[in-house]
Amino acid sequence: MTFRNRLRQLHRDFGYFFFGMSVIFAVSGLAVNHIDDWNPNYKLTVKTGLLSPSLSFGPPLPVQKIANSIGLRDTVTGYVRSGMHRFMIFLGTNSLEIDTLGRSYRYEQVEERWLLHAFNRLHLNELKNEWVFFSDFFALGLFFMAVSGLFLNKGRNGLKGRGGWLALVGVMVPVLFIGLYLI
Amino acid sequence: MMLKSALFTLLSFSLLLAGEAKHYGKKLTLEKTTPIEAIDKAPESFVGKTVLVEGTVVDVCKKRGCWIKVVDDKSGSSLLVKVKDGEIVFPLEARGKTARVEGVFQKLESTMEETVEHAKKACKLEGKEFDPATVTKPDVSYRLKALGAVIK
């Protein structure tokens, strides 16, 4: 077997093995690139309004009654004074902040985009520990695939022909950005 | 029978873990806490100092987990705790839990342009229309740059 054929087989096998990781990093990369425009981890819904004039604010603060008065069915898991006339009521990961002076409320419902969140946590290396070893292995695998990819074909479509030009243009794009914005 | 006892063990273990304190970043070194109310009343005297604070987490950065807002239950005074992106990631589940945070207290002075930009962003987040007349002077804010935290 020639060196090129052996390289081709290895490139193919690495490609298969890292299929899952490539998809996770690609999807998460897209999601995190646009983090300024949207929240890739949670879907937030905010509802604001006024509390019923018939509600009294204690003490003790009737937190469950307040939550129920605006149609919330979640169980109150705790509450804390968050300002001069403000209280933050926790309903699991959702929260309800009330202003006892202005008798207003702000309810924030949080829904986790669990699959995307998991992808992002893997991509951004939040797990650390053993995960670092596997993601380092993936990084080395990508490096191997990038370099071995250059030598898969020879001739007109190989490194000395079209392939070489494409690789050069691909390298020039980040070089251009570094030159324009980072030096 | 075996399945039931296995499930019971798993459930007990999960409940034990649920109540366990979670550590973030460096180990806490200070023992004495500084009340958030004291910092809130005289922030200038704490600038540059390393302090340990304790309070309830009322909000968490939902995009990057890079900050939490901690309040003192009695006074209602609050403190913004910031970490370097990616170094510590606070989970949204921290809301409503008690946090002990050690860090360096910082003063941030924005330029007028930065203040306008911040106000614009805040209005956009809340869905309000930005009125430039509301920004009259550059913003000065304080925060705790966290080194380590324990949340339970």
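For every chain, the first residue of the written sequence is number 1, and numbering continues from 1 along that sequence. Lettering of chains starts at A and numbering of ligands starts at 1, both following the order in which they are written. With pLDDT at 70 or above as the cut-off, local features in this predicted model cover only qualifying residues; side-chain atom pairs require 80 or more to be listed or tallied, and sums for whole chains, interfaces and linings still use all residues. In computing side-chain properties, one takes all heavy atoms of the structure into account and sets aside hydrogens as well as water.

- The name an unreviewed UniProt entry gives chain A is Peptidase, with Caldithrix abyssi as the organism.

Overview of the overall build of chain B
Alright, step 1. Summing up its helical and strand segments, chain B has three helices and six strands in all.
Alright, step 2. For every residue, the accessible area (1.4 Å probe, protein chains only) is compared with the maximum for its type, and the residue is labelled buried under 20%, exposed over 50%, or partly exposed between those bounds. Within chain B, the fraction of its 152 residues that count as buried is 34%.
Alright, step 3. Residue contacts follow a heavy-atom distance rule, with two residues in contact if any of their heavy atoms lie within 4.5 Å. A fraction of 69% describes how many contacts in chain B between residues 6 or more apart in sequence connect residues 24 or more apart.
Alright, step 4. For chain B, the computed accessible surface area is about 9,700 Å², with 58% contributed by carbon and sulfur atoms. Helix and strand assignments come from DSSP, with helices taken as H or I runs of at least 4 residues and strands as E runs of at least 2, each series counted from the N terminus. Note on areas: these come from Shrake-Rupley sampling with a 1.4 Å probe, and a residue is covered only by the protein chains present in the view.

Describing the overall build of chain A
Alright, step 1. For chain A, the count of helices and strands is six helices and five strands.
Alright, step 2. If you list the helices and strands of chain A from N to C, you get α-α-β-α-β-β-β-β-α-α-α.
Alright, step 3. Against the globule reference of 16 Å for 183 residues, chain A gives a C-alpha radius of gyration of 27 Å, more extended than a compact globule.
Alright, step 4. In terms of principal-axis extent, the alpha carbons of chain A reach across some 85 × 35 × 25 Å.
Alright, step 5. Considering chain A as a whole, with its 183 residues, one finds that 31% of them fall into the buried category. Taken over C-alpha atoms, the radius of gyration is set against a globule rule of 2.2 Å times the number of residues to the power 0.38.

What about the sheet that holds strand β3 (residues 86-91) of chain A?
Residues and elements named next belong to chain A.
Alright, step 1. Only strands joined by at least two bridges in the DSSP assignment are considered to pair. Read across the open sheet, the five strands follow the order β1-β5-β4-β3-β2; overall the sheet is antiparallel. Every interior strand has two partners, whereas the edge strands, β1 (42-50) and β2 (78-81), have only one. Pairwise comparison of adjacent strand axes, ignoring direction, gives a mean angle of 15° for this sheet.
Alright, step 2. Sheet topology places β1 next to strand β5 (residues 104-112); nine bridges connect them, and they run antiparallel. Within the sheet, the bridge partner assigned to Leu-50 lies in β5 and is Ser-104. In this analysis, axes come from line fits to C-alpha atoms, helices being fitted only over the stretch in contact, and the angle between any two N-to-C directions falls in the range 0 to 180 degrees.

Some remarks on the interface of chain B and chain A
Alright, step 1. Across the boundary between the two partners, chain B contributes 20 residues, which contact 21 residues of chain A.
Alright, step 2. In total, about 1,700 Å² of surface goes out of reach between chain B and chain A, with carbon and sulfur atoms giving 54% of it.
Alright, step 3. Every case where a carboxyl oxygen of Asp or Glu lies within 4 Å of a side-chain nitrogen of Lys or Arg is listed as a salt bridge. Taken together, the links from chain B to chain A amount to three salt bridges.
Alright, step 4. Among the ionic pairs, Asp36(A) bridges to Arg64(B), the shortest N-O distance being 3.9 Å.
Alright, step 5. Counted as a polar contact is a pair of N or O atoms within 3.5 Å, where, for protein atoms, one must be capable of donating a hydrogen and the other of accepting one, and residues adjacent in sequence contribute only when both atoms are in side chains. Counting the contacts that link chain B with chain A gives eight residue pairs in polar contact (both at pLDDT 80 or more). Buried surface area refers to the total accessible area, computed with a probe of radius 1.4 Å, that the two partners give up upon joining, counted for both partners together.

Some remarks on the pattern of salt bridges
Between side chains of opposite charge, pairing is possible as soon as their charged atoms come close.
Alright, step 1. In the structure shown here, the tally under the stated rule is 16 salt bridges over all chains.
Alright, step 2. Several salt bridges share partner residues, and in doing so they unite Arg106(A), Glu108(A), Asp59(B), Lys62(B) and Arg95(B) into one network.

As for the domain arrangement of chain A
Alright, step 1. An automatic or database domain assignment supplies the residue ranges for each domain. The domains assigned to chain A are domain 1 (3-39 + 114-152) and domain 2 (43-112).
Alright, step 2. Centre-to-centre separation of domain 1 of chain A and domain 2 of chain A, based on C-alpha positions: 43 Å.

Considerations on the packing of helix α2 (residues 19-33) of chain A against helix α5 (residues 130-150) of chain A
Residue and element names in this part refer to chain A.
Alright, step 1. Two elements in contact, α2 and α5, have axes separated by 11 Å at closest approach and are oriented at 95°. Relative to α5, the element α2 lies roughly perpendicular. Contacts from Met-21, Ser-22 and Phe-25 in α2 reach Trp-131, Phe-134, Ser-135 and Phe-138 in α5.
Alright, step 2. Throughout this entry, Asp, Glu, Lys and Arg are counted as charged residues, while Ala, Val, Leu, Ile, Met, Phe, Trp, Tyr, Cys and Pro are counted as nonpolar. The remaining residues, Gly among them, count as polar. Of the residues belonging to the contact of α2 with α5, the class tally is five nonpolar, two polar and no charged. For classification, angles of less than 35 degrees are called roughly parallel, those exceeding 145 degrees roughly antiparallel, those between 65 and 115 degrees roughly perpendicular, and all remaining angles oblique.

Some thoughts on α5(A)
Residue and element names in this part refer to chain A.
Alright, step 1. Expected helix span is taken as 1.5 Å per residue step, with the number of steps being one fewer than the number of residues. Here α5 is 21 residues long and its end C-alpha atoms lie 31 Å apart, about the 30 Å a rise of 1.5 Å per residue gives.
Alright, step 2. For α5, the full list of buried residues reads Trp-131, Ser-135, Phe-138, Gly-141, Met-145 and Ser-148. Projected onto a plane normal to the axis of α5, the buried residues spread over an arc of 145° and lie on a single side. Relative to its buried face, α5 has exposed residues pointing more than 90 degrees away, namely Phe-133, Leu-140 and Phe-143.
Alright, step 3. Buried positions along α5 lie against α1 (3-17), α2 and α4 (114-123). Directions from the helix axis toward the C-beta atoms define the arc.

Overview of the environment of Met84(A)
Residue and element names in this part refer to chain A.
Alright, step 1. With respect to the element layout, Met-84 can be found in the loop between β2 and β3.
Alright, step 2. For Met-84, a relative accessible area of 65% gives the class exposed.
Alright, step 3. Residues Met-84 and Leu-61, 23 residues apart in the sequence, show an inter-C-alpha distance of 14 Å.

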